[in-house]
Amino acid sequence: FRTFLFEDLLRRTIRLAGWNVFQVMNITDVDDKIIRRADEQGVSIREITEPVTATFQHDREFLRIEPAEVYPKATEHIPDMIALIQRLMDKGLAYQADDQSIYFAIARFPTYGKLSRLDTRVLRPGARVAADDYNKEDVRDFALWKAAKPEDDRTHAAWDSPWGRGRPGWHLECSAMAKRYLGDTLDIHAGGVDLIFPHHEDEIAQSEGANDTTFSRFWLHGEFLLTNGEKMAKRVGNVMNVNDLRATGIGAAAIRHFMFSVRYRQQLNLTEDALDASQRAVRRIGEFADRLATAKSATPALAAAADDLERDAKSALFDDLNAPQAMAALFEFIRRANADLDQGGSDTNAVDRARTAFALVNGVLDVVPDQPAIDATFKSWIESQVAAREHARARRDFATADTIRKSLDARGIAIEDGPLGTRWKKVR
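Starting from 1, residues in each chain are numbered consecutively following that chain's sequence as written. Totals for whole chains, interfaces and linings use all residues, but because this is a predicted model, local features are given only for residues with pLDDT of at least 70 and pairs of side-chain atoms are given and counted only at 80 or more. Neither water nor hydrogens contribute to the side-chain values; these are computed over all heavy atoms in the structure.

Next up on the list: the sheet that holds strand β1 (residues 94–96). By definition, two strands form a pair when at least two bridges between them are found by DSSP. A run of DSSP states H or I qualifies as a helix once it reaches four residues; a run of E qualifies as a strand once it reaches two. Both are numbered from the N-terminal end. Spatially, four strands are ordered β1-β2-β3-β4 in an open sheet, and the strand pairing comes out antiparallel. Each of the sheet's edge strands pairs with one partner strand only, and the pair in question is β1 and β4 (166–168). Direction aside, the axes of adjacent strands within the sheet are offset by 20° on average. Here strand β3 (residues 142–147) pairs with β4 via three bridges, running antiparallel. In the strand pairing of β4, A147 is matched with G166. Packed on one face of the sheet, helix α7 (residues 196–211) meets β2 (102–104) and β3 and runs near 80° to β3. To get an axis, a line is fitted to the C-alpha atoms, and for a helix only the part in contact is used. The angle between two axes follows their N-to-C directions and goes from 0 to 180 degrees. A contact between two residues is defined here by any heavy atoms of the two lying within 4.5 Å.

In structure tokens, the structure reads:
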């Protein structure tokens, strides 16, 4: 989800700049791995992909990732893919091999490799390219349409086409759906760095070969998320999913804070200490959000701090999504705002200005934690304990007051003593 979180930051920043966003996030619901798993279980590919798609959407909502405008499925756009292949065939950029599959002829597309800056003279087969397939004209060529095999029909992963029964290649799906919903040229194409080659390179070849125009004006690629310094891999057993984090009580705000702690084009290392630090950070943000929401007035200095926050956060976000710098501006604002609110003041407009700036920046970062639900009985117990602690402190019975604080902390309640009395908040 690191890639999807950086794309969420991107679409929110685009809107912050005053532009409209139309995002397409396609669902690859047919490929080699899906067919293999469906065949092993004796089910259709749809029975494999639909539960996974539902899980993805559930996790996306939990992480507060805004929904894309369209989520097209590959299996619902086969005619678009066939039409794209036909254009490439007509232009001599694709051919049907002896195995009846259709391949893109890389040698006939001179600019192949421009995104990843590959030297095609020394190019070797990449991911999902069968090196031992001698039906192809060139070992580098990639499949646009794969001739159907028995397992394809068994799993409902085969369709009729002018070239025989078969199914689309992985790369083809994205080009066809991009053209359908965004036209021949996209403004921005995003994804993980692992997709630059061969996937995005092949998308460019297909799309520009068929449409004779630039496929995407800009490309944004997010770096890997590591686990304790190593790349996440199922075979290593160091993969952590959203549900794992949710089960340990780590909320969406903390995950977003952690993900935005470095820039999207830098590798990020997932450790327990880093997640703990993010939990503490968003707790501080939440406490300030509560305080700002109930503040009545302040001094004019608070408005000046809000102006600085808006200016500095925008400057950072508009500098290639510099989320860490925007986060730093937010915490500097919280420090200055808390100091100003401690002084008191009579300027109500300053508080309104602070709320506006805070909401503007949080509207992009979205790092204010959810307030945990508390039932009436538990709330009554908390307030009685807080009152008992205040009485103990008034009697200078600090041992009892400390015992009560520890009892509250054990139940996930943090308390804070201030000039206006003691405040409490459920933090876990």
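Pairing of aromatic side chains requires ring centres within 6.5 Å, counting the rings of Phe and Tyr and the six-membered ring of Trp. Pairs whose planes differ by under 30 degrees are stacked, by over 60 edge-to-face, and all others tilted. Overall, the coordinates contain eleven aromatic pairs when judged by the stated rule. Taking the centre distance of 5.6 Å and the plane angle of 15° together, the rings of F1 and F56 count as stacked. Of the two residues, F1 is situated in the segment before α1 (2–16) and F56 in helix α3 (residues 45–62); the sequence distance between them amounts to 55 residues. By relative accessible area, F1 is classed as partly exposed at 30%. Here F215 and W219 contribute two aromatic rings whose centre-to-centre distance is 6.0 Å and whose plane-to-plane angle is 55°, an arrangement assigned as tilted. Burial classification: accessible surface area is computed with a 1.4 Å probe over protein chains only, and a residue below 20% of its type maximum counts as buried, one above 50% as exposed, and the rest as partly exposed. Assessed through its relative accessible area of 1%, F215 is described here as buried. Within the aromatic cluster, the residues linked to one another by ring pairs are F1, F4 and F56. Put simply, a charge is over a ring when the Lys NZ or the Arg CZ is close to the ring centre, within 6 Å, and near the line of the ring normal, within 35 degrees. Cation over ring: R246 sits above F62, and NZ or CZ is 4.3 Å from the ring centre.

Moving on, we come to unusual backbone geometry. Between F197 and P198 the backbone carries a cis peptide bond, its omega angle lying at 5°. Among the secondary structure elements, P198 is positioned in helix α7. Although it is not a glycine, D366 sits at a positive phi angle of roughly 55°. Here D366 shows up in the loop between α13 (348–365) and α14 (376–394). According to the relative accessible area criterion, D366 is buried, its value standing at 16%.

The next subject is the pattern of salt bridges. A pairing counts as a salt bridge when a side-chain nitrogen of Lys or Arg comes within 4 Å of a carboxyl oxygen of Asp or Glu. Here the structure, examined in full by the defined rule, presents 39 salt bridges. The partner of R60 in a salt bridge is E61, with the nearest N and O atoms 3.7 Å apart. Two residues, D417 and R393, come together in a salt bridge whose shortest N-O distance is 3.6 Å. Within this pair, whereas D417 is found in strand β10 (residues 413–418), its partner R393 is found in helix α14, the two being separated by 24 residues in sequence. A relative accessible area of 31% means that D417 is categorised as partly exposed. Classification of R393 by relative accessible area gives partly exposed; the value is 35%. Because the salt bridges share partners, they merge into one network encompassing D8, R11, R12, R15, R64, E66, E69, R256, D366 and D370.

Side-chain direction in a regular strand flips from residue to residue, so the side chains alternate between the two faces of the sheet. Of all seven residues making up strand β6 (residues 216–222), five are buried, and the element is well covered by its neighbours. Inspection of the sheet shows strand β5 (residues 186–192) paired to β6 by six bridges, in the parallel sense. Residue H189 lies in a different strand from β6, and its bridge partner there is W219. With α7 bridging β5 and the parallel β6, this β-α-β connection has right-handed handedness. Crossover handedness is defined here as right-handed if the route from the first strand over the helix to the second strand goes clockwise, with the strands pointing away from the viewer.

Take the side chain of T13 next. Position of T13 relative to the elements: it lies in helix α1. Given the relative accessible area of 5%, T13 is considered buried. Beyond its immediate sequence surroundings of up to four residues, T13 is in contact with L317, F318, L321 and V364.

As summarised here, the arrangement of the three strands in space is β8-β7-β9, forming an open sheet in which the pairing is mixed. Two strands lie at the open edges of the sheet, namely β8 (230–231) and β9 (268–270), each paired on one side alone. Inspection of the sheet shows strand β7 (residues 225–227) paired to β8 by two bridges, in the antiparallel sense. Considered in β8, the bridge of T227 is made with E230.

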